[in-house]
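This is what each chain is made of:
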Amino acid sequence: MTTDPIPVIRGSALTRTFGDGAAAVTAVSEVDIEVQRGEFVAVMGPSGCGKSTLLHLLAGLDPPTSGRVMVDGRDLADMDDDTLTLLRRRRIGFVFQAFNLLDVLTARENVALPLELDGRRPADADARAVAVLERVGLSDRLDHTPRDLSGGEQQRVALARALVMEPLVLMADEPTGNLDTATGQAITDLLRSLVDDAGQTVLMVTHNPRHASSADRILHMRDGRLVDEQRMESPRAAEALIAELQG
Amino acid sequence: MIVQRYSRRYMRRRPGRTMLSVSGIAIGVAAIFGISLTIGTTRNAYQRMFSELAGRAELEIVASGYGAFDGDLTRLMANAPGVAAAVPVAVAAAALTSAGGWSAIQVLGVDPSRDGLVRDYRFYRGRMFTDGNEVVIPVALADRTGVKVGDALGVMGSAGSVSLRVSGLLEGGGAAAFNGGAVAFTSLAAAQRLNGGAVGITSIQVVVERDARPEEVQRSLQSIVPAGMLVQTPAARAALGEAALFGTERGLGVLSVVSLVAGAFVILNSFLMGLSERTRSFALMRALGMTRSQVVRMLMGEAALVGAIGAVVGMGLGMALSVVLNAIVAGVLGAALPPIRLTWPPVALSVLLGPGVAVAATALPARRFSVRSPLELLGDRRAAGLTERPSAWLPGAGLACLLFPILVTAALVWNRVGSERLVSLLAPAMASGLIGAALLVPGIFAWLCRPLERGLTRVAGTEGRLAIRDLRRHRIRSSLTIAVLAICVVVSFGFGNSMMISVDDVRQWVDHVTPYDYFARRLWPDVGTMSAPTMPESLEGVLRSLESVDVVDKLCWAATRVNGVVVMSEIGSYSGAGPIAQEVAEGDAAGLYERLESGEVALGSVLAKKLNVRPGQTVTVQTRAGQRPMRVAGIISSYTGGGMTLHLAWPVGVDTLGVSGVHVWMLRAAPGRRQALSDALRRLGVEHGFHVQSMEQFRATVDGAMSGVVAALWVIIAFVFVVASLGTVNTLTMNVIEQMRQLGLMRAVAMTRRQVRRMIVSAAAAMALTSLVPGVAMGFLLAFAMGASHHAVTGYHVDMTIHYSLLAVTVIGAVATAVAAALVPAQRAASMPIIEAIRYE
Amino acid sequence: MHGYELKAAYESDLAAGTTLNAGQVYQTLDRLLRDGLVTVRVVEQSVRPDRKVYTITDAGRASLAEWLASPDASPPAVRDEMLIKLLVARRLSRAGVGDRPPAACRGETSDGARCGAAGGGPGSTSSAEKFAGPNEVLRNERRACMARLHEINAALHPRQAKDPAGGDVRTRLLLELAALRLEAQVKWLDRCEAILRGEKP
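Now for a quick tour of the structure. (Residues numbered from 1 in each chain as written. Chains lettered and ligands numbered in written order. Predicted model: local features only at pLDDT ≥ 70, side-chain atom pairs only at ≥ 80, totals over all residues. Heavy atoms only, no water.)

Bringing the nonpolar core into the picture now. Proteins that are soluble and globular tend to have nonpolar side chains buried together. Core analysis: the largest hydrophobic core is formed by 116 residues, its most contacted members being A:Leu58, A:Leu133, A:Leu170, A:Met171 and A:Leu203. Looking at this core, the element that brings in the most residues is helix α6 (residues 134-156) of chain C, giving eight residues. With sequence-adjacent residues up to four places away left out, A:Met171 is seen in contact with A:Ile9, A:Leu55, A:Leu58, A:Ala59, A:Ile92, A:Gly93, A:Phe94, A:Val95 and A:Leu203. Counting residues in hydrophobic clusters, the runner-up holds 110 residues, among them B:Leu260, B:Ala483, B:Met740 and B:Ala822. (Core = buried A, V, L, I, M, F, W, Y, C linked by side-chain atoms within 4.5 Å. Buried < 20%, exposed > 50% of the residue type's maximum accessible area, 1.4 Å probe, protein only. Helix = DSSP H or I, 4+ residues; strand = E, 2+ residues; numbered from the N terminus. Contact = heavy atoms within 4.5 Å.)

Before going further, it helps to examine the interface of chain A and chain B. At the interface, 32 residues of chain A touch 27 residues of chain B. Buried surface at the junction of chain A and chain B, both sides included, amounts to about 2,700 Å², of which 61% is carbon and sulfur. The interface formed by chain A and chain B includes five salt bridges. The partner of A:Asp81 in a salt bridge is B:Arg286, with the nearest N and O atoms 3.0 Å apart. There are 13 residue pairs in polar contact (both at pLDDT 80 or more) connecting chain A and chain B. For the side of chain A that touches chain B, the secondary-structure elements that each account for two or more residues are β1 (9-18), β2 (25-35), α1 (51-58), α2 (81-91) and α3 (107-117) of chain A. Its residues placed into classes, the side of chain A that touches chain B shows 16 nonpolar, five polar and 11 charged. (Buried area = accessible area lost by both parts, 1.4 Å probe. Salt bridge = Lys/Arg side-chain N within 4 Å of Asp/Glu carboxyl O. Polar contact = N/O pair within 3.5 Å; in protein donor to acceptor, adjacent residues only side chain to side chain. Nonpolar A, V, L, I, M, F, W, Y, C, P; charged D, E, K, R; others polar.)

Looking now at the packing of α3(A) against helix α4 (residues 122-135) of chain A. All names here are of chain A. Where α3 contacts α4, the two axes come as close as 8 Å, and the packing angle between them is 125 degrees. With respect to α4, the element α3 is oriented oblique. In this structure, α3 meets α4 at a crossing whose hand is right-handed. Contacts between α3 and α4 involve Ala107, Arg108, Val111, Ala112, Leu115 and Glu116 from the first element and Pro122, Ala125, Asp126, Arg128, Ala129, Val130 and Leu133 from the second. By residue class, the composition of the contact of α3 with α4 is nine nonpolar, no polar and four charged. (Axes fitted to C-alpha atoms, helices over the stretch in contact; angles between N-to-C directions. Parallel < 35°, antiparallel > 145°, perpendicular 65-115°, else oblique. Left-handed = near helix turned anticlockwise from the far one by under 90°.)

Side chains that carry opposite charge are capable of pairing whenever their charged atoms lie near each other. Applying the stated criterion across every chain, the model contains 52 salt bridges over all chains. The salt bridge involving A:Arg90 is made with A:Asp118; its shortest N-O contact spans 2.7 Å. Of this pair, A:Arg90 sits in helix α2 while A:Asp118 sits in the loop between α3 and α4; the two residues are 28 residues apart in sequence, bridging distant segments of the chain. Residue class for A:Asp118 comes out buried when judged on its relative accessible area of 17%. The closest approach of N and O atoms between B:Arg127 and B:Glu134, which form a salt bridge, is 2.9 Å. Beyond isolated ion pairs, a larger network of salt bridges with shared partners links A:Arg222, A:Asp223, C:Arg142, C:Asp190, C:Glu193 and C:Arg197.

Moving on to the environment of B:Leu20. All names here are of chain B. Mapped onto the elements of the fold, Leu20 is located in helix α2 (residues 15-54). Under the relative-accessibility criterion, Leu20 is labelled buried at 1%. Each C-alpha atom of the pair Leu20 and Asn269 lies 9.5 Å from the other, and the pair is 249 residues apart in sequence. When near neighbours in sequence (up to four residues on either side) are disregarded, Leu20 contacts Val266, Ser270, Val723, Leu726, Gly727 and Asn730.

What follows covers the sheet that holds strand β7 (residues 169-173) of chain A. Think of a sheet as strands paired side by side through backbone hydrogen bonds, with each pair either parallel or antiparallel. All names here are of chain A. Reading across the sheet, the six strands line up as β6-β7-β8-β3-β9-β10 and stay open at both edges, with mixed pairing between neighbours. Each edge of the open sheet carries a strand with a single partner, namely β6 (92-95) and β10 (225-231). Each neighbouring strand pair of the sheet contributes to a mean axis angle of 15 degrees, computed without reference to strand direction. Where β6 meets β7, four bridges bridge the pair, whose relative direction is parallel. Bridge pairing links Ile92 to Val169 in β7. Each of β6 and β7 is contacted by helix α5 (residues 151-163), which is oriented at about 170 degrees to β6, the strand it contacts most. (Pairing = 2+ DSSP bridges.)

Laid out in structure tokens, this is it:
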């Protein structure tokens, strides 16, 4: 296995325990994980296996009980809250299961918000937000507020918001969990095309096998541990596949 | 930009909460703004009265007691170095005797050839007077009295009634602005005639040369004027009026601070509600890359915006409040105050205080909120590991805060420290006390939970228990609402009680210090200047000769200085059972008047306190013959002149201060002859130009002024209660919204609308009942502190009585307010569609 | 329609790329004829041999209508080979000749996350004399399913999207069917894992 000298994300011996004493629950246990530039990695597992917590640790949203997280070669443990926040802002795009849009803001405002938080001029931020919304196919929904958007559209806005800072890595926590099959598949396809067309690094957590299978690499998680890793091979020609399916 | 838009849209989406926050600040600002505007206007009125009188003059030369002096001094002054111009002025206090009744007016005798150097005369019509039979008045006064150029103007001066011909009408501003426009200009001789033929003038007004410094000129002039003359700035005379205002200012000052603290709690409460409602949004923004300081900045920005809007609204309300207060103060002082004038200091104060208090109230929670991790905020309870319990340091801090007002009150009661400084500590001490009481509320609430739960369960069944459970779940929110209700109780009970004690005290004073049946006077002097036309002393013989009269006493007021402090001197003859013996606070009451007749003086209690003088000691009194040491025979409790008074026996006053006229005759009828005396006096009044006022009428006037005070108090209390009820509405609505799902489920399972309503109303009642504990306790403390400060300021003791009727009204008011406020959210909860409620997130 | 036309239609529309045995076609037609669902008419041709033209009867039309309208909700055969494999692996494992229980797998490799990841296939188990245990069976099946799903996704959304296979409705229906079956299979594997884990050894 070839290893890039600096992985985008590297977690070493990550453990996260909640509570203490007899009530202690270990959500993530001794996990080692690396995500390389341009890779599409999916973490799969049943609910409660700790995959969301792992993602939170890697995104710097939650500190690990032990172990360390390196983002782009920098150790998160060395950072104070502001540095960590800036890292989240500029380096990591995060997409939640529950869309999590600010409901009083329009689509373009939601997307432009991280740029403005970063001190960009409002006009520039807006222009950039519009461009990214176009990329996710929402150019006709710019001034809608979340309540006027369908679930799939809301998740696209959330995706655009995560992408607008051109993050090093896009982290998606069950991005299709609140969507029906077709809409969820469309979101996953969008992620796939981001990886293929723009070289975006994506780390996705999901329990849906079909959506996970879009990734280049699949990590299976059980009880807080990674139990299997599967690297996808380049697919055969479609004709061969179809022939096989038809028996 | 977007962040600001987010804040604004959120505020618009929650109009009720925003309105509450704004009104919280608005009420505080309104109180501060209205009160400081009123105080400012009143002070300003006094200051302007004299500075407008002075025109361009930077200095004036007056006799120490503001009496008359020889006009020859003018020439000496005009030739002194650094003086550009010096003009003589003779002021005569007079009454305008139009058909509608008598009204106070200041008649200025001036030198028409030179007075233009000091004052601008802009004629609207007519011309300057040419001799002592003519007069010039402002056009506004002419309009009010229906006088035209060429008409005769009836003026009652100390020398009696005179008729002057109006030769010209002045436009507003300049000379015409003096004394709120109640002014007339005539020759020096005419004014002197009005003043009873006294040959002197009352001041020389000095314009300093352009390149000379007024302070130096003042010093050099002071060295050449004769003994007993003073060179001062025109505004210096206002000190007397300001002293009279001190008591009023103190009360209003405490009230405005209390309102501001209440406002701070209201905004803190609605701010915390906003935070808990938007926790997810903030978590999200944190996750997206909002730094802690950006969170704090955003929250502070919101608070500042609410504060700014509150300040603007508060200033509007404050204007209305100050109009009411102004009328009340004018009534209390017996002076015509000019209309409220918007000045910069109160505006600046409000503009700073509005956003300032809002930001200060929210700074701590905002900061604490900002350090919470995004995950914790996103509702990951496991990651949060946080408890919704109020901090453990609250009771300790609360008790510490309470210590301050307790110490101040104790110090006031024992009066060990310089009293005026202590009194100025009263407002901050009360603010600290209220904050302390609020900090103790969570503890008190926890302590009362069980008995309240038991009681409410008995009254309202299970709904009562559910109500308490709801309140406990949101202890901080409930506690803040209880705190606001408690402040209402403090204001209503504590403030009301001390106000009612003062009112009772004034009424008592009126009763026992004036054992007379009738007063005869031309005009009552106003409290600020104590100037009014006098009556000749020779009238005494005529009054005494009436067969129906038993006692004839006389009073006259004049300004002077004691140990350099400007005071009002009250010169009176008190035959036998005179009032002065009744008012003695310190010293031997028996024989006091005899000692005053022998040349000793008595001091008003406030003045004695201020100068730290006790009976038997000596003070230096400015007399017409210079400084003179006089022995203090006693200390007098008096409402006159705000207690800054010097009391002299009549002959001594005539001798030392040179007073000549009588302001008021005080008469007692021979047994059974009241009606006869009244009739005789009214006949004499027509002949000699005075009004007769019976004791009952006088008391009615005082009562009228006091009713105004009481009415204003109720208005402010009602105002505070309205804000508290808004706070209750908001807290309960928030509880309802947060538990929408739960309420929906309860409704779906078993609860009737009536039960839902009863549950929410029970919660309101529980909060109101809890608020009574700290509210009544702090109310007592406030009442005691105000009573003690009264003692500290006036130097005499006021019995501390508790008006239980007021306590009852307060208790009922608090509970009724809370219950009434609960009806809105109760209705909302009861009428919501069940299915929608269950779906609510 | 005659037999050859039927064969061509089947091959082009229902199962592209496959060929149908001519004998099979005529056998089926004979059965339909016997059941009275079609009639046959011989058409003489001058150059070529005569050919039989089949026409559907009213009874045949009714039968077709009934077939189309009736649902096919019966589950796929439960006599699944995977199930049998799993049960065999379980039996062997209980007999002490299967692989280790999942717990042992975790701690063994030094880098934790790489457990079972290195080589993949059954041959990589540490003790060659033991058979693949239930966990390994499950893992291998899951990997295969995921790999196949990956291919299906790629076929539906090829990277160089000049002409996605999804453009052809028949292929798309087929791919979706396969994808959902595989998805179901993976979910079933997860359930199997959970159930076997809950089983007392």
